[in-house]
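Architecture and fold: a report
Here is how the chains run, residue by residue.
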Amino acid sequence: MIKRLNRDDYHRWASQVRNTGGCRQPIHLRGKVEHYDRATGALLHRYTTRTEPDGVLRVPCKTRRASRCQACAETYRADTYQLIRAGLIGGKGVPETVTAHPTLFVTLTAPSFGTVHARREHSGKVKPCHARRNADTCPHGRVMSCTERHHADDPRLGEPLCPDCYDYTGSVLFNALAPLLWKRFADSLRRALAKAGGLPLKDLPCHLRLSFAKVAEYQRRGVVHFHAVIRLDGPDGPVTPPPAWAAVGALTGAVQHAARAISATAPAHEGQPARNLRWGTQLDIRPITLDGDLTEQAVAGYIAKYATKAAECVGTLDRRIHSTDTLDAFNLRDHARRLITTCLRLGALPELAELRLAEWAHMLGFRGHFSTRSRRYSTTLGELRAARERFVRTEEVTHGRPPLFEEDTVLVVSEWEYAGKGHSLGDALLAAALTGTSLSTPQQSAGSCP
Ligand SMILES: [Zn+2]
Ligand SMILES: [Zn+2]
Ligand SMILES: [Zn+2]
């Protein structure tokens, strides 16, 4: 810290750090940008990192994961919020008439893989976890009852009453097949809507489009479920209304049908037969309204929040696990450890090779995208970023950085190379003080998650 503070270029370094918005692990770039006049070939402007502190430019890491960089994840969260909201009420290029399109907020859950500790509330009072008067004793000698009123931070929440009875295989297979289940659900939804409109499936796009935005959330027990905004548009997306028959009622019926109708099969392995996995019985379907119980702000906030989280909520790791890693070093709770070792064990079986469970063990088997949208849902993250970068570029002119030229009269030659990542400990302390961000890593415990 003292060394950095005493350097002549401290102020320039501090300005770079401020421009990264408090990114905890900025990328270091070495290189140059040159602007030439296309007509004369004259050099109009040159920017090089050679004169920057340490000869590098620091740029934000742009991660989505709050466990890696809170500042960049916050940007991602805010962008996601804006684009989900635009898909509900218009804005950012989406017409306001979209509010009249039938739109549902749907939660598709995972089935049960065994009884887990749970916090139940009834009219504001916490109820006992699993109070059973004449509870059975499982083959491992554990009584299948828990009378505790668990605190919201209790690390046992989501953990099985008997880990030896718990279906760890089912849990990781479900995670591995969840993206396929979602795809089949969306296909089945289209078929059900075509049927409701009396149309052959191939004609559906001429009348109706299904737009959605979805996010995967890890439940504490370590399985994913999906929250999705599902909206009906006309043939040209949000700018056209859907046909009159495609109302909220028809969409609700189609969702109910599709959620029950589909399944995905895990191949037979280790002497066990092939296994059919489907969504859990808990299916939540709620219409989104501007003034009702479930408003567009609530939905956009909810989806955006989960878009920056991953499996670390369950107490697992936020990076790939290598075969050379010893899990002992990570101080995992037994439940997370069993989920990971199940992935590693099943991942080694040739019958299940295509599920790539070992590679995705840190995600407890899930290898899908956390946050996805259909093409015509609303604006894209890329467009939002580009808009922000245009703004930043305008700002930079006032700070003596590359000026704005008319794009077609100027030739831009740039050369960049990766020159590292992150801060030294002293720099990190100064950066946190400069940007008012926190230095600490969010705790990898169940308690830190909603
Ligand atoms: Zn960052
Ligand atoms: Zn309990
Ligand atoms: Zn048991």
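It should be emphasised that the depicted structure is a prediction, and the values quoted were computed from it without experimental measurement. Along each chain, residues carry numbers from 1 onward, in the same order as the chain's sequence is written. Ligands are numbered from 1 and chains lettered from A, in the order in which they are written. Local features are withheld for residues below a pLDDT of 70 in this predicted model, meaning they are given only at 70 or higher, and side-chain atom pairs are given and counted only at 80 or more; totals for whole chains, interfaces and linings count all residues. Hydrogens and water molecules were not included; the side-chain quantities draw on all heavy atoms of the structure.

Details of the overall build of the protein
- Strands are runs of DSSP state E lasting at least two residues, helices are runs of H or I lasting at least four, and both sets are numbered from the N terminus onward. Helices and strands together make up the secondary structure of the protein, namely nine helices and 13 strands.
- In this analysis, two residues are considered to be in contact whenever any of their non-hydrogen atoms come within 4.5 Å of each other. Considering only contacts in the protein between residues 6 or more positions apart, those separated by 24 or more positions represent 71%.
- Carbon and sulfur atoms form 51% of the exposed surface of the protein, whose accessible area is close to 22600 Å². All accessible areas in this document rest on Shrake-Rupley with a 1.4 Å probe, and a residue is counted as covered only by the protein chains that are shown.

Things to note about the side chain of histidine 101
- Mapped onto the fold, histidine 101 is located in the loop between helix H3 (70-89) and strand E4 (103-108).
- Partly exposed describes any residue whose relative accessible area lies between the buried limit of under 20% and the exposed limit of over 50%, with all areas from a 1.4 Å probe on protein chains only and scaled to the type maximum. Judged by relative accessible area, histidine 101 falls into the buried class, the value being 6%.
- Not counting chain neighbours up to four residues away, the residues in contact with histidine 101 comprise Arg231, Leu232, Asp233, Gly237, Pro238, Thr240, Pro241 and Pro242.

Quick word on the coordination of the zinc ion (ligand 1)
- Looking at the zinc ion (ligand 1), one finds its protein donor set to be Cys23 (SG), Cys61 (SG), Cys69 (SG) and Cys72 (SG), positioned 2.2 to 2.3 Å from the metal centre.
- Each donor residue of the zinc ion (ligand 1) lies on one chain, and together they are spaced C-x37-C-x7-C-x2-C. Here cysteine 69 lies in the loop between strand E3 (57-59) and H3 and cysteine 23 lies in the loop between helix H2 (10-19) and strand E1 (27-37), a separation of 46 residues in the sequence. The burial state of cysteine 23 is the same as that of cysteine 69; both residues are buried. Coordination here is defined by N, O and S atoms within 2.8 Å of the metal (3.2 Å for Na, K and Ca), and since water is not considered, a site can look incomplete.

Digging into the pattern of salt bridges
- For this document, the term salt bridge refers to a Lys or Arg side-chain nitrogen within 4 Å of an Asp or Glu carboxyl oxygen. Scanning the entire structure with this criterion turns up 24 salt bridges.
- With a shortest N-O distance of 3.2 Å, arginine 7 and aspartate 9 are connected by a salt bridge.
- You can call arginine 7 partly exposed: its relative accessible area is 31%.
- Between arginine 156 and glutamate 148 there is a salt bridge, and its shortest N-O distance comes to 2.7 Å.
- Exposure remark for glutamate 148: the relative accessible area of 36% places this residue in the partly exposed category.
- Because the salt bridges share partners, they merge into one network encompassing Arg4, Arg7, Asp9, Asp54, Arg58 and Asp427.

What to know about the coordination of the zinc ion (ligand 2)
- The coordination sphere of the zinc ion (ligand 2), as far as protein atoms go, consists of His117 (ND1), Cys129 (SG), Cys146 (SG) and His150 (NE2), spread over 2.0 to 2.3 Å.
- Summarised as a motif, the one-chain spacing of the donors to the zinc ion (ligand 2) is H-x11-C-x16-C-x3-H. One end of the pair, histidine 117, is in the loop between E4 and strand E5 (120-122); the other, histidine 150, is in the loop between strand E6 (125-127) and helix H4 (168-196), with 33 residues separating them in the sequence.
- Given the relative accessible area of 14%, histidine 117 is considered buried.
- Take histidine 150: its relative accessible area is 1%, and that puts it in the buried class.

Some points on H4
- For H4, spanning 29 residues, the distance from its first C-alpha to its last is 39 Å, which sits close to the expected 42 Å at 1.5 Å a residue.
- Bend, in this description, refers to the angle at a residue between axes fitted to the seven residues ending there and the seven starting there. Largest kink in H4: about 50°, centred on leucine 177, with the proline proline 179 one to four residues after it.
- Directly beyond the C-terminal end of H4, a positive phi value near 65° is found at glycine 198. To estimate the expected span of a helix, subtract one from its residue number and multiply by 1.5 Å.

A short note on the packing of aromatic side chains
- Only Phe, Tyr and Trp rings take part, Trp by its six-membered ring, and two of them pair if their centres are within 6.5 Å. Stacked means planes under 30 degrees apart, edge-to-face means over 60, and tilted covers everything else. Tallied over the entire structure, the rule returns 11 aromatic pairs.
- Taken together, a centroid distance of 6.4 Å and an interplanar angle of 45° make the contact between tyrosine 47 and tryptophan 416 tilted. Of this pair, tyrosine 47 sits in strand E2 (residues 43-48) while tryptophan 416 sits in strand E13 (residues 410-421), placing them 369 residues apart in sequence.
- Residue tyrosine 47 is classed as buried on the basis of its relative accessible area, which comes to 9%.
- Its relative accessible area of 37% is what places tryptophan 416 among the partly exposed residues.
- With a centroid separation of 6.3 Å and an interplanar angle of 85°, the aromatic rings of tyrosine 218 and phenylalanine 366 are classed as edge-to-face. Linking tyrosine 218 in strand E7 (residues 209-218) with phenylalanine 366 in the loop between helix H7 (334-347) and strand E12 (371-373), this pair joins segments that are 148 residues apart in sequence. Assigned by exposure class, tyrosine 218 and phenylalanine 366 land together as buried.

Examining the nonpolar core
- Of all hydrophobic cores here, the largest spans 64 residues; its most connected members are Phe185, Leu189, Ile230, Val255 and Trp279.
- Among the elements that make up this core, the one with the highest residue count is H4 (15 residues).
- Once you skip the residues sitting within four places of it in the chain, leucine 189 turns out to touch Leu210, Ile230, Ala254, Val255 and Ala258.
- Note on terminology: a nonpolar core comprises buried Ala, Val, Leu, Ile, Met, Phe, Trp, Tyr and Cys residues joined through side-chain atoms within 4.5 Å. Listed in part, the 20 residues of the second largest apolar core include Leu88, Val215, Ala300 and Ala304.

What to know about the sheet that holds strand E8 (residues 224-233)
- For two strands to be treated as a pair, DSSP must find at least two bridges joining them. Taken together, five strands build an open sheet; the order of strands is E11-E4-E8-E7-E12 and the sheet is antiparallel. Edge positions in the sheet fall to strand E11 (283-287) and E12, since each has one partner strand and no second. Along the sheet, successive strands turn relative to each other by an average axial angle of 15°, direction set aside.
- Of the pairings in the sheet, the one linking E7 to E8 comprises 10 bridges and is antiparallel in character. Between the N-to-C directions of two axes lies an angle of 0 to 180 degrees, each axis being a line fitted to C-alpha atoms and, for a helix, fitted only over the stretch in contact.

Quick word on the confidence of the model for the protein
- Confidence in the prediction for the protein averages 85 pLDDT; 89% of positions are at 70 or higher.
- As a per-residue quantity, pLDDT reports the predictor's confidence and falls between 0 and 100. Taken together, the stretch residues 397-403 has pLDDT below 50 and engages in 14 contacts with residues farther than four places along the chain or on a different chain.
- Counting interchain partners and residues more than four positions distant, the pLDDT-below-50 stretch residues 442-450 has 20 contacts.

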